[in-house]
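Listed here are the chains, written in short residue letters.
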Amino acid sequence: MTGTITGAGFGDLTAFTGMPRLSSLALSPDGTRLVTAVSTPSPDGKTWQAALWEVDPAGERPARRLTRGAKAEGSPAFTPDGALLFVSARPDAEAGPGKDGPKDQAALWLLPPAGEARELFRPAGGVSGFAVARDAGRVLLVSGAHSTAEFGERDEEVRKAREDAGVTAILHESYPIRYWDADLGPSYPRVLATTDPVDVDAPRLGAADLVDLTPGANARLSDSPAISPDGRWVARTQGVEVSAAYGTRVRLRLAAADGSDDRVLADREGHSFSQPVFLPDSSGLVAVRTVDSTPDRPWRNGLVRISLDGEVTDLAPDFPEEPEHPVVAPDGSAVYFTSSHRGHQPVWRLDLASGEVVKLTATGSYNEVRVSPDGTTVYALRSAWDHPPQPVRLSATGVDQDAVPLPAPGAVESLPGTLTEIDVVVEDGRTVRAWLVLPTGASAERPAPLLLWVHGGPVMSWSGWSWRWNPWLMAARGYAVLLPDPALSTGYGHDFVRAGWAAWGGKPYTDLMAVTDVAERRDDIDESRTAAMGGSFGGYMANWIATRTDRFKAIVTHASLWHLDAFTGTTDDSYYWIREMGDPLLQQERLAANSPHLRVADITTPMLVIHGDKDYRVPIGEGQRLYFDLLRHGVPAKFLYFPSENHWILTPGNAKVWYETVFAFLAEHVLGEPWRRPDLV
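Residues numbered from 1 in each chain as written. Predicted model: local features only at pLDDT ≥ 70, side-chain atom pairs only at ≥ 80, totals over all residues. Heavy atoms only, no water.

1. A few points about the nonpolar core
In this structure, Leu-452, Leu-482 and Leu-630 are the most contacted members of the largest nonpolar core, which totals 56 residues. Beyond its immediate chain neighbours, meaning those up to four positions away, Leu-452 contacts Leu-482, Pro-484, Leu-512, Met-513, Thr-516, Ala-531, Ala-532, Met-533, Ile-545 and Phe-552. By size, the runner-up hydrophobic cluster in this structure holds 39 residues, among which are Val-412, Leu-451, Trp-472 and Phe-663. (Core = buried A, V, L, I, M, F, W, Y, C linked by side-chain atoms within 4.5 Å. Buried < 20%, exposed > 50% of the residue type's maximum accessible area, 1.4 Å probe, protein only. Contact = heavy atoms within 4.5 Å.)

2. A word on the sheet that holds strand β14 (residues 210-212)
Backbone hydrogen bonds are what pair the strands of a sheet, in a parallel or an antiparallel way. Taken in spatial order, the 4 strands make up an open sheet running β9-β10-β13-β14, and their pairing is antiparallel. The strands lining the two open edges of the sheet, one partner per strand, are β9 (129-132) and β14. Going across the sheet, the axis of each strand differs from the next one's by a mean of 35 degrees, ignoring polarity. Lying on the sheet, helix α2 (residues 153-165) is in contact with β10 (139-146) and β13 (187-194); it crosses β10 at an angle near 35 degrees. (Pairing = 2+ DSSP bridges. Helix = DSSP H or I, 4+ residues; strand = E, 2+ residues; numbered from the N terminus. Axes fitted to C-alpha atoms, helices over the stretch in contact; angles between N-to-C directions.)

3. Points about the environment of Ser-222
Looking at the secondary structure, you find Ser-222 in the loop between β14 and β15 (226-227). The exposure class of Ser-222 is partly exposed, given its relative accessible area of 36%. Separated by 52 residues in the primary sequence, Ser-222 and Ser-274 place their C-alpha atoms 7.8 Å from one another. With sequence-adjacent residues up to four places away left out, Ser-222 is seen in contact with Thr-237 and Val-250.

4. Considerations on the packing of helix α5 (residues 507-520) against helix α6 (residues 537-548)
Taken N-terminus to C-terminus, the directions of α5 and α6 make an angle of 75 degrees; their axes are 11 Å apart at the nearest point. If you check the angle between α5 and α6, you find them roughly perpendicular. Only Phe-537, Met-541, Trp-544, Ile-545 and Arg-548 of α6 make contact with α5, whose side of the interface consists of Pro-508, Tyr-509, Leu-512 and Met-513. Its residues assigned to classes, the contact of α5 with α6 shows 8 nonpolar, no polar and 1 charged. (Parallel < 35°, antiparallel > 145°, perpendicular 65-115°, else oblique. Nonpolar A, V, L, I, M, F, W, Y, C, P; charged D, E, K, R; others polar.)

5. Focus: the sheet that holds strand β6 (residues 84-88)
If you walk across this open sheet you meet the 4 strands as β5-β6-β7-β8, and the pairing is antiparallel. The two strands at the open ends of the sheet, each matched to only one other strand, are β5 (73-78) and β8 (118-121). Averaged over all adjacent pairs, the angle separating strand axes in this sheet is 35 degrees, with direction ignored.

6. With respect to the side chain of Glu-645
Of note, Glu-645 is situated in the loop between β38 (637-642) and α11 (652-669). Only 2.7 Å separates the side chain of Glu-645 from the side chain of Thr-651, close enough to count as a polar contact. Looking at Glu-645, its side chain comes within polar contact range of the side chain of Asn-654, at 2.9 Å. For Glu-645, the contacting residues outside a window of four places in its chain are Gly-612, Asp-613, Lys-614, Asp-615, Leu-650, Thr-651 and Asn-654. (Polar contact = N/O pair within 3.5 Å; in protein donor to acceptor, adjacent residues only side chain to side chain.)

7. Some remarks on the packing of aromatic side chains
By the definition in use, this model includes 27 aromatic pairs. Their ring planes at 50 degrees and their centres at 6.4 Å tell us that Phe-121 and Phe-151 sit as a pair that is tilted. Placement of Phe-121 in strand β8 and of Phe-151 in the loop between β10 and α2 is noted, with a sequence separation of 30 residues between them. In this structure, Phe-121 and Phe-151 share a single accessibility class: buried. Taken together, the aromatic side chains of Phe-10, Phe-16, Trp-453, Trp-465, Trp-467, Trp-469, Trp-658, Tyr-659 and Phe-663 make up a single cluster linked through ring pairs. Over the aromatic face of Trp-435 sits the side chain of Arg-433, whose NZ or CZ is 4.7 Å from the ring centroid. (Phe/Tyr/Trp six-rings, centres within 6.5 Å; stacked < 30°, edge-to-face > 60°. Lys NZ or Arg CZ within 6 Å of the ring centre and 35° of its normal.)

8. Some words on unusual backbone geometry
With an omega dihedral of -5 degrees, the bond running from Gly-185 to Pro-186 counts as a cis peptide bond. Locating Pro-186 in the fold gives a position in the loop between β12 (182-183) and β13. The linkage connecting Gly-457 with the following residue, Pro-458, adopts the cis geometry, with an omega of 0 degrees. Here Pro-458 is to be found in the loop between β33 (448-454) and α3 (471-475). With a phi angle near 55 degrees, Trp-180 is a residue other than glycine that sits in the positive phi range. Among the secondary structure elements, Trp-180 is positioned in the loop between β11 (178-179) and β12. Here Ser-282, not a glycine, exhibits a phi torsion of approximately 65 degrees, which is positive. Along the chain, the position of Ser-282 falls in the loop between β19 (271-278) and β20 (284-291). For Ser-282, a relative accessible area of 5% corresponds to the buried category.

9. Side note on the pattern of salt bridges
Applying the stated rule across the entire model yields 34 salt bridges. Arg-370 is the partner of Glu-368 in a salt bridge, and the nearest nitrogen-oxygen pair spans 2.8 Å. Salt-bridge contacts for Asp-629 lead to Arg-632; the nearest nitrogen and oxygen are separated by 3.0 Å. Here Asp-629 pairs with Arg-632, and both are found in helix α10 (residues 620-632), just 3 residues apart, close to one helical turn. (Salt bridge = Lys/Arg side-chain N within 4 Å of Asp/Glu carboxyl O.)

10. Notes on the pairing of strand β31 (residues 417-425)
Judged from the 9 bridges that link them, β31 and strand β32 (residues 431-439) form a sheet pairing that is antiparallel. The residue bridging Asp-423 from the neighbouring strand is Arg-433, located in β32. Linkage of β31 to β32, two consecutive antiparallel strands, is achieved through a turn of 5 residues, within which Gly-429 is found at a positive phi near 95 degrees.

11. Here we look at α10
With 13 residues, α10 extends 19 Å from end C-alpha to end C-alpha; this agrees with the ideal 18 Å at 1.5 Å per step. Among the residues of α10, Ile-620, Glu-622, Gly-623, Leu-626, Asp-629 and Leu-630 are the ones counted as buried. Looking at the packing, one finds that the buried side of α10 touches α6, β36 (554-558), α7 (564-570), β37 (607-612) and β38. One or two steps after α10, the chain reaches Gly-634, where phi turns positive at roughly 75 degrees. (Expected span 1.5 Å × (residues − 1).)

12. Let's talk about the side chain of Arg-21
With respect to the element layout, Arg-21 can be found in strand β1 (residues 21-27). Excluding anything up to four places from it in sequence, Arg-21 contacts Phe-16, Ala-37, Val-38, Ser-39, Trp-48 and Trp-467.

13. Things to note about the environment of Met-460
Within the secondary structure, Met-460 is located in the loop between β33 and α3. Counting along the chain gives 29 residues from Met-460 to Ser-489, while the straight-line C-alpha distance between them is 5.0 Å. The contacts of Met-460, once residues within four sequence positions are left out, are His-455, Leu-488, Ser-489 and Thr-490.

14. Notes on the pairing of β37
Of all the 6 residues making up β37, 6 are buried; the element is thus mostly covered by neighbouring parts of the structure. Sheet topology note: the β36/β37 ladder contains 4 bridges and is parallel. Residue pairing across strands places Ile-555 opposite Met-607, the latter belonging to β37. As paired strands, β37 and β38 are joined by 6 bridges and run parallel to one another. Pairing of His-611 across the sheet is with Tyr-641, part of β38. Taken together, β37, α10 and β38 form a β-α-β motif whose crossover is right-handed. (Right-handed = clockwise from strand over helix to strand, strands pointing away.)

This is the structure in structure tokens:
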């Protein structure tokens, strides 16, 4: 499978959804093997199914497929002796009748350098994540267990008793109670460390082979735990109650992997710690420290080094963006990290001796950064608006490099248009920039209709390829697509975020209109045929735009905020929301100034409302209320409802229906074509 696609393929939704999608990256201890997960539609076309592929770090050999399980496989990581661990819910062919454990739960599997994969551990609560001690080979596992039960047999007994009694109830004594699309409890994640190293010859694991480092856990982990290279220490996050209004902050705890010690490592009022990664000599770690947000101040990230005795040292305190996902060089001399920067997400290198920060990459959006054992080479997954994620190679010390792509599935050979940038200086002096996708053939003689797409977040940016919001599908149908970064977007400094903080209907809106004006003044854009669309925060902005102007022929709003007071208490993350917009009883004016539902009588533009029932971040009530409000005010509207989807539309069939409905709605109102209802809805 090469999985390449040409520009013509973007006109075919089946071809598009069949494109291989890469995620995760693992580098072997000797630096000779690179493994990624490649997802394609399952044989029945109803779900995504990932397999592990090996990529040649030298870029000389074609990629080869390693696994062919009936279930998806992912999260690859190597043991010190070169065995490949991964997570999969595939059945265990070697288990005898009644001995293969809970069949639907994800298990930890081991693939030796030569031979077949075998199952290592399938607990009742599944394996939701793991990490390997680089030198010692001990493995850190995350698995669910009932908060009142000991991990292992007792947890299995409680699960069976609930099932036999027909009990699905969950009693909550803390907050939150949901996360994105999942109910929290009665099973909560436990952090478990193996008592012995895991290698090629490791036997099947049981509860007796693990140390439960979080017995009685009754909260979700806010980040993945880390294990030190020598296998002695484990760092994990823990929520700390702040107040009834502002919820919790996050601190780091340090535990001995044998369970003999557990203590607070880093805790600071008004701050949270996340993304811990140990130094190569296991003497401390690097983490992200966040200044927690308030209604008067956005959050800010910074990198810190923390010794095992809890001394915290700021790293690169003057860095103007939001660093995340730190990776320490094998010799401990540098920290590599990513951060948004003017429509890109580069890899940065921080020299720990001098404090110098350099930008390794010129263009693109990078994640899954891995450093070679000799410290000379960096590998990562790179995407950009003109290419989906692809494994690449970089020099560890270069500046503004063009990454070297490595042969892998999912390459894009051509696109149905071109990519450019535009910008505008707005009233307060900020420069607002945007990507502009132009369809093939757009010209002064054949100007293209324009779609304004607003990103979600809101504190993020349009910095890399999106499968869910893919402008090339629109370009293949003749549309130009504008992808702006208004106030609140990352990559332009802290003041750019602050400009829209707690005032979503203010400068984010005027920024969007200003950059749209610039696009519409181009002679290859037809300003008489425009539409606006967005999801999540972008959906909020689509709703707000509808209340403020009738310049657009149609508006598509997905998973959108509508009634901000009601949203405050029904979203799964109410504390984060209150930390920006404030308490609805105490900051009523702020909510009223920004809530689009109070302005529904001003809407005249036809709207397509889209929402998933399993969306807990922006609950379905927002979409239902919006649709009803539009109808009772006589606004032409349609409601595309997904009972089984969440904040995103993830399954292949529903994703195709999503696009088909959007295409038909835009064709009716922007292109003047007859409404054509998609066949399967």
